[in-house]
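Architecture and fold: a report
What follows is each chain in one-letter form.
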Amino acid sequence: MLRITNGQVHDPANGLSGEVRDVIIDGGTIVSAEGLPQAQLDEMETIDATGCVVMPGGVDIHSHIAGAKVNSGRILCPEEHGSHVSARTAITRAGCGLTVPTTHRTGYLYSKLGYTTAFEAAVPPLEARHAHEELQDLPMLDKGCYTVMGNNHLVMQVLSDSDPVRRKERLRDLVSWLLKASRGYAVKVVNPGGVEDWKWNTGAADLDIPTPPFGVTPRQIISALAETVDDLKLPHSMHLHCNHLGEPGNLATTLATMRNLEGHRAHFTHLQFHSYGKTPKGGFTSGAAEMAEYFNRHPEFTCDVGQIVFGPTLTMTSDAPMEFHLHQMRKAKWASGDIEMESGSGVVPMTYSPGVLVNAIQWAVGLELLLLIKNPWQIILTTDHPNAGPFTAYPEIIKLLMDADYRNSWLEKLHPKVRRYTCLFDLNREYTFDEIAVITRSGPARALGLANKGHIGAGAEADVAIYRIGDDKRAMFNAPAYVLKQGEVVVRDGEIVRTVQGRTLGVSPEGGERLDDELTETFDGYYTVRLANYMVEDEYLDRPEVVPCG
């Protein structure tokens with residue numbers, strides 16, 4: 001058994017707000033200290049956490065860390081491979097890369113920040129084998145992936161069924177089958193209908209414009225998938241990337257989408273990219289205040305922020321038309337992929353600069369959402385890694401949230417017109433340790449339906465992060481004193497001291513044991529692979545674990 005003592009425990013899920021108390025670990029699980037004799041406590045291996053905060057291990061709900069588009073990004077940006085390198089040690093492998101690190105390096109970098117779980121946010125079923133192969137090579141973390149369905153031909157074919165009862169039953173079976181085939185954890189929807197519209201060169205998708213070739217609308221796609229996710233009682237709600245990402249004035253589309261989903265569970269991802277107003281001349285303004293006002297009235301919804309980080313990064317997404325548009329604006333190198341009947345993808349290098357007005361507004365919008373949405377359980381810290389910046393910037397964002405003076409010091413570095421279009425510098429809120437614990441571990445664990453993560457009460461998994469308290473919150477959260485994974489110390493003083501392999505988390509909802517005959521005929525007629533080579537087999541999974549539905 002292991003005892004962590006004298007630390008200030010911040011465990012919001014269990015109502016602990018800095019209380020000094022022991023955390024006891026037995027066999028990879030947190031156990032209660034009640035009833036244990038003092039002599040037994042004194043004999044345990046002990047970590048003295050005096051002067052430290054003790055939190056659950058971090059959980060990243062939305063990151064791009066494995067799969068075909070990530071690998072394309074590594075190939076597209078060889079310049080990163082020489083400037084950010086970690087040498088092999090006695091216990092760690094060599095690696096390179098900042099915005100798209102190699103697989104082992106990704107696990108080490110997350111662990112060195114106190115994170116113990118991360119989810120790959122977008123995997124088309126056709127490329128799931130590749131994604132799982134990379135996830136197997138990603139140490140230190142429990143992990144999983146979301147299955148992309150918002151432009152899937154089989155989904156749209158079912159939605160075009162004229163019989164509403166049969167349509168609902170077929171979609172339920174198909175979603176269950178796709179999750180099992182891809183070994184996914186949740187239903188991901190990216191620019192619903194929009195990628196397919198782009199392939200047919202019919203323009204940008206709006207909620208009620210039919211999408212070829214089946215004539216279903218984005219509104220039908222998201223409504224039906226949200227209802228199906230609820231019916232299947234999946235642990236995580238539909239994970240939605242709305243239409244019109246990154247466009248001025250897209251606030252109206254995002255709010256219309258939210259109103260359409262009222263009554264359902266839904267997670268709105270990288271909300272910063274979907275919260276822009278528009279000036280009379282078509283420029284960007286912040287829509288964060290209106291978005292937050294809506295969100296504060298709808299506790300059934302959660303979101304992650306997708307906070308902009310100034311500096312070079314790499315955008316990558318299944319939203320292929322958005323990436324094509326970005327490529328046209330930047331006239332720089334670009335990669336694009338057509339994922340047959342399922343999706344598309346694109347990769348474009350990007351640099352966010354504080355002196356560029358649009359980038360400064362985007363940076364402010366993310367922070368405004370984090371400061372204006374009142375309930376921290378509804379908003380989760382992400383950078384949509386690497387789209388808005390690398391996850392390694394989380395300590396910097398935490399400092400911006402906890403230190404208003406530091407945040408306000410950025411005003412003079414930004415484009416001088418940023419104050420005209422945002423309200424960030426009128427906000428005085430500073431996050432507490434409890435609120436940081438919620439947006440980085442307890443909140444994402446709850447949104448994902450992971451009952452044994454995101455807290456350190458009895459029965460929880462022994463994933464723990466211990467940080468020395470300091471005035472500089474960026475330095476504090478950049479180098480944990482200890483990180484424990486499954487009850488073992490894996491990081492000490494910000495350095496890896498032990499490597500472990502995490503588990504691959506998935507779901508197994510009811511139904512969906514096979515494709516129906518009509519969909520099988522479509523699959524055999526148009527896919528370039530056989531159905532027998534489509535399913536992800538057990539050999540592709542690293543210590544699989546099924547999280548129950550219901």
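Summary of the structure given here. (Residues numbered from 1 in each chain as written. Predicted model: local features only at pLDDT ≥ 70, side-chain atom pairs only at ≥ 80, totals over all residues. Heavy atoms only, no water.)

Topic: the layout of surface pockets
Considering only enclosed or pocket space, the largest pocket measures out at about 790 Å³ in volume. What lines the largest pocket is a set of 44 residues, and nearest its centre among them are Leu245, Gly246, Glu247, Met322 and His325. If you list the elements that add at least two residues to the lining of the largest pocket, you get β13 (186–190), α8 (194–199), β19 (311–317), α12 (320–330), β21 (343–352) and α13 (357–372). The biggest single contributor to the lining of the largest pocket is α12, with 8 residues. Partitioned by chemical class, the residues of the lining of the largest pocket number 19 nonpolar, 20 polar and 5 charged. (1 Å grid on protein atoms, 1.4 Å probe; cavity = no way out; pocket = protein on both sides within 12 Å on 5 of 7 lines; lining within 4 Å. Points joined across faces, edges and corners; volume = space filled by probe spheres on them. Helix = DSSP H or I, 4+ residues; strand = E, 2+ residues; numbered from the N terminus. Nonpolar A, V, L, I, M, F, W, Y, C, P; charged D, E, K, R; others polar.)

Thoughts on the environment of Pro544
Note on placement: Pro544 falls in strand β28 (residues 544–546). You can call Pro544 exposed: its relative accessible area is 54%. Each C-alpha atom of the pair Pro544 and Val507 lies 10.0 Å from the other, and the pair is 37 residues apart in sequence. (Buried < 20%, exposed > 50% of the residue type's maximum accessible area, 1.4 Å probe, protein only.)

Section: helix α9 (residues 218–232)
The first and last C-alpha atoms of α9 sit 21 Å apart over 15 residues, in line with the 21 Å expected at 1.5 Å per residue. Among the residues making up α9, those that are buried are Pro218, Ile221, Ile222, Ala224, Leu225, Ala226, Thr228, Val229 and Leu232. Lining the buried residues of α9 we find α6 (153–159), α7 (164–182), β13, β14 (238–241) and α10 (251–260). Immediately downstream of α9, the backbone of Lys233 shows phi near 55°, a positive value. (Expected span 1.5 Å × (residues − 1). Contact = heavy atoms within 4.5 Å.)

What to know about the environment of Arg105
Its place among the elements puts Arg105 in helix α4 (residues 103–111). Along the sequence, Arg105 and Val85 sit 20 residues apart, while their C-alpha atoms lie 9.0 Å from each other.

With respect to the sheet that holds β19
Spatial ordering of the open sheet is given by β19-β21-β20, a layout of 3 strands whose pairing is antiparallel. Where the open sheet ends on each side, the last strands, each with one partner, are β19 and β20 (335–339). For this sheet, the mean angle separating the axes of adjacent strands, direction not counted, is 15°. Where β20 lies against β21, 5 bridges are found, and the strand directions are antiparallel. Among the inter-strand pairings, Gly337 is bridged to a residue of β21, identified as Ser345. (Pairing = 2+ DSSP bridges. Axes fitted to C-alpha atoms, helices over the stretch in contact; angles between N-to-C directions.)

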